[in-house]
Structures are given as structure tokens and as C-alpha cells.
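Results of the structural survey
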Amino acid sequence: MLSRVMVKLSGEGLAGDAGLGIDPATLKETAAEVAAAARDAQVSLVVGGGNLIRGADGGLAAVGVGRVTGDHMGMLATFINALAFRDALLALGTQAVVLASHPISTVAEGYSVQKALDHLAAGRVVLHAGGTGNPLFTTDTAACLRGIETGADLIVKATKVDGVYSADPVSDPDAERFDELTYMEVLDRRLGVMDLTAVTLCREHGMPVVVCDATRPGTLTRIVRGAKVGTRIS
């Protein structure tokens, strides 16, 4: 049984089939999975913002939006997702709080390690908004950083596939699925599980990562209870 986990959800994971915005049914289902896992362990969550804004990479560069500005826009998008997820958890009877890299006094209090640990100890799910607070770093890196800072046992990278493959299993039916990988195998083969900074950070601090299909009911609870799910990177 794990005592504390950090879950990384993509913003796209909240968009449902639409691919953009927040799909209410998907939000409710995902929140229910997190709420169930939070009954067995302390849970923190980082949600990306790609369902709301893709910054300069989404074509805004063509009208003059630079990478740094685009990243700041993406960080603000994570506030929207975190607030929505918090309220979805509260509606399910699970206490939750948003901590932000850049506090907004009327929206979310600022992050500190001790605040996060206090909230977790009190049984609240902690949602981290604003990424690392710096441009040029992804929310994958933010999840790994916050997980390491707060002493998580594991980073759960939630995706739409059941693990890590040698290629995109949707376009390549012969893609090989891995049960276990080392950090160096991920880095050397550039498998695209997480960005290289996030993987390197986990490697330097010995933080294991599990990549799994978060859409399958009960997945997070099974992981918390020690089941082998998805692909483990260590």
C-alpha cells in the first residue's frame, strides 16, 4: 500500500471526445477515480492546460505570441482546470484545495511544501496550479518536482493508453508494450513518455513513475494498493 502519490493528468484528458474545454461527464468520472484513491492514500494532482490553450505551439506564434507568453497563458489555463477539479471533488464529498505557484488572493493560496504536507495530512487532495511557476517547463516537470518536494512514493502519469510503447500503438499495431523501463532506457530511446527534464529529475532523485490508462475504472486505487498496472519506470 502506498501512502502518498502524485498524479499527473493532461488537460486533454478532461476534454473528452471534444478535445477542447472541459467535458462535465469526463471531469466527474476522473474526479471519482481520484476521490476513490484518496480514501486509501494521500493524493496530489497536477493537471495540464492543453485543453484550453496550447500557447505558441498551437499556432499563436503566427500572430506574434512568443514561447514565454504562450507558456504563461498555459499556466493560467491550469488554474481553470484545477479549480474545476477541486469543485468536482468537493461535490463528491472529498475535501480538496488548490495551491498555486503564483498565488491569486481571491482564487488560490500560494504553494509551499509545508502547506501541501499539512493539507495532505488533513486528508485533503492537493491540486497544484500554475506549473512550476516558470516558462519553458512542462506540467510533467511540475508534477515530478512537486512529487519529489512532498515526498511522494510514486508519480502516476495518466494517459489514454495502458503503458509505454515503442511507437504509437494507434498507428502502429506492431508497437511493443513495456512492463518496466529504466530512466536511461526512456532517455536513450526518446520514448516520449514525459519530457526529458521530467525524466531526468526523477532519475536524479530515484522517483519511480507509472504510466497507465487513467480512463479504466479503479486504476488509481489499484496502483495505490500496490497492484502492477501500466509501465513502471525506475
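What comes next concerns the included structure.

Rules used in this analysis
- Residue positions within a chain follow its written sequence, with the count starting from 1.
- The predicted nature of this model means local features are confined to residues of pLDDT at least 70 and side-chain atom pairs, given and counted, to a pLDDT of 80 or more, with totals for whole chains, interfaces and linings taken over all residues.
- As a rule here, side-chain values come from all non-hydrogen atoms in the structure, and water together with hydrogens is ignored.
- Every helix listed is a DSSP run of H or I at least four residues long, and every strand listed is a run of E at least two residues long, numbered separately from the N terminus.
- The buried label applies to any residue whose accessible area, calculated with a 1.4 Å probe on protein chains only, is under 20% of its type's maximum; exposed applies above 50%, and partly exposed to all values in between.
- Should any heavy atoms of two residues lie within 4.5 Å, those residues are counted as being in contact.
- By definition here, a salt bridge exists when the distance from a side-chain nitrogen of Lys or Arg to a carboxyl oxygen of Asp or Glu is within 4 Å.
- The directions considered for the arc are those from the helix axis to the C-beta atoms.
- Any N or O atom pair separated by 3.5 Å or less is treated as a polar contact, with the protein-specific requirement of one donor-capable and one acceptor-capable atom, and with residues adjacent in sequence counted only for side-chain atom pairs.
- Lines fitted to C-alpha atoms define the axes, with helix axes restricted to the stretch in contact, and inter-axis angles between N-to-C directions lie between 0 and 180 degrees.
- Should an angle fall under 35 degrees it is taken as roughly parallel, and over 145 as roughly antiparallel, whereas 65 to 115 is taken as roughly perpendicular and any remaining angle as oblique.
- Each crossing is labelled by how the near helix is turned from the far one, with a counterclockwise turn of less than a right angle marking it left-handed and a clockwise turn marking it right-handed.
- Polar here means any residue other than Ala, Val, Leu, Ile, Met, Phe, Trp, Tyr, Cys and Pro, which are nonpolar, and Asp, Glu, Lys and Arg, which are charged; Gly is therefore polar.
- At least two bridges found by DSSP between two strands is the condition for calling them paired.
- Crossovers are marked right-handed if the path from the first strand over the helix to the second runs clockwise, as seen with the strands pointing away from the viewer.

A separate point is the side chain of Arg146. Within the element layout of this structure, Arg146 appears in helix H4 (residues 139-149). With a relative accessible area of 7%, Arg146 lands in the buried category. Discounting residues that sit within four places of it in the chain, Arg146 has contacts with Met6, Ser101, Tyr111, His128, Gly131 and Thr132.

As enumerated under the stated definition, the model contains 11 salt bridges in all. Its salt-bridge partner being Asp140, residue Lys8 comes within 2.9 Å of it at the nearest N-O pair. With Lys8 in strand E1 (residues 4-9) and Asp140 in helix H4, this residue pair connects regions lying 132 residues apart in the sequence. Neither residue differs from the other here; Lys8 and Asp140 are each classed as buried. A salt bridge links Arg177 to Asp162, with the shortest nitrogen-to-oxygen separation between them at 3.6 Å. With a gap of 15 residues between them, Arg177 in strand E8 (residues 177-178) and Asp162 in the loop between strand E6 (154-159) and strand E7 (164-165) connect regions that are remote in the sequence. On the accessibility criterion, Arg177 (30% relative accessible area) is partly exposed. We classify Asp162 as partly exposed; its relative accessible area is 23%.

Moving on, we get to helix H6 (residues 196-205). For H6, the set of buried residues is Ala198, Val199, Leu201 and Cys202. Taken end-on, H6 shows its buried residues confined to a sector of 160°, consistent with a single buried face. Contacts from the buried residues of H6 go to H4, helix H5 (183-189) and strand E10 (209-213). The backbone nitrogen of Thr197 has a side-chain oxygen 3.0 Å away, supplied by the residue at the start of H6, namely Asp195. In the segment just after H6, Gly206 is the residue with positive phi, at about 65°.

A few words now on the packing of H4 against H6. Interaxial distance between H4 and H6 falls to 8 Å at its minimum, and their mutual angle equals 20°. Comparing their axes, H6 and H4 come out roughly parallel. For the element pair H4 and H6, the recorded crossing hand is left-handed. Between H4 and H6, the contacting residues are Asp140, Thr141, Cys144, Leu145 and Ile148 on the first element and Thr197, Ala198, Leu201, Cys202 and His205 on the second. When the residues that make up the contact of H4 with H6 are grouped by side-chain class, the tally is 6 nonpolar, 3 polar and 1 charged.

The phi angle at Leu136 is positive, at roughly 75°, despite the residue not being glycine. Assignment of secondary structure puts Leu136 in the loop between strand E5 (125-129) and H4. Using a relative accessible area of 53% as the deciding quantity, one classes Leu136 as exposed. In this structure, Arg190 takes a positive phi of about 45° despite not being glycine. Along the chain, the position of Arg190 falls in the loop between H5 and H6. Accessibility expressed as a relative area gives 63% for Arg190, which makes it exposed.

Time to look at the environment of Arg203. Relative to the helices and strands, Arg203 resides in helix H6. Here Arg203 falls in the partly exposed class, since its relative accessible area comes to 41%. Put simply, Arg203 and Met184 are 19 residues apart on the chain and 8.2 Å apart in space, counted from C-alpha to C-alpha. Ignoring sequence-local partners within four residues, the contact set of Arg203 consists of Tyr183, Met184 and Leu187.

Further remarks concern the pairing of strand E2 (residues 42-47). Across a regular strand the side chains alternate sides, sitting on one face of the sheet and then on the other. Of all 6 residues that make up E2, 5 are buried, and the element is covered over most of its length. One ladder, built from 6 bridges, connects E1 with E2; its direction is parallel. Considered in E2, the bridge of Leu9 is made with Val47. As for the winding sense of the linkage, the β-α-β connection from E1 through helix H1 (residues 24-37) to E2 is right-handed. Strand direction decides the pairing type here: E2 and E5, joined by 3 bridges, are parallel. Residue pairing for E5: Leu45 is matched across the bridge by Leu127.

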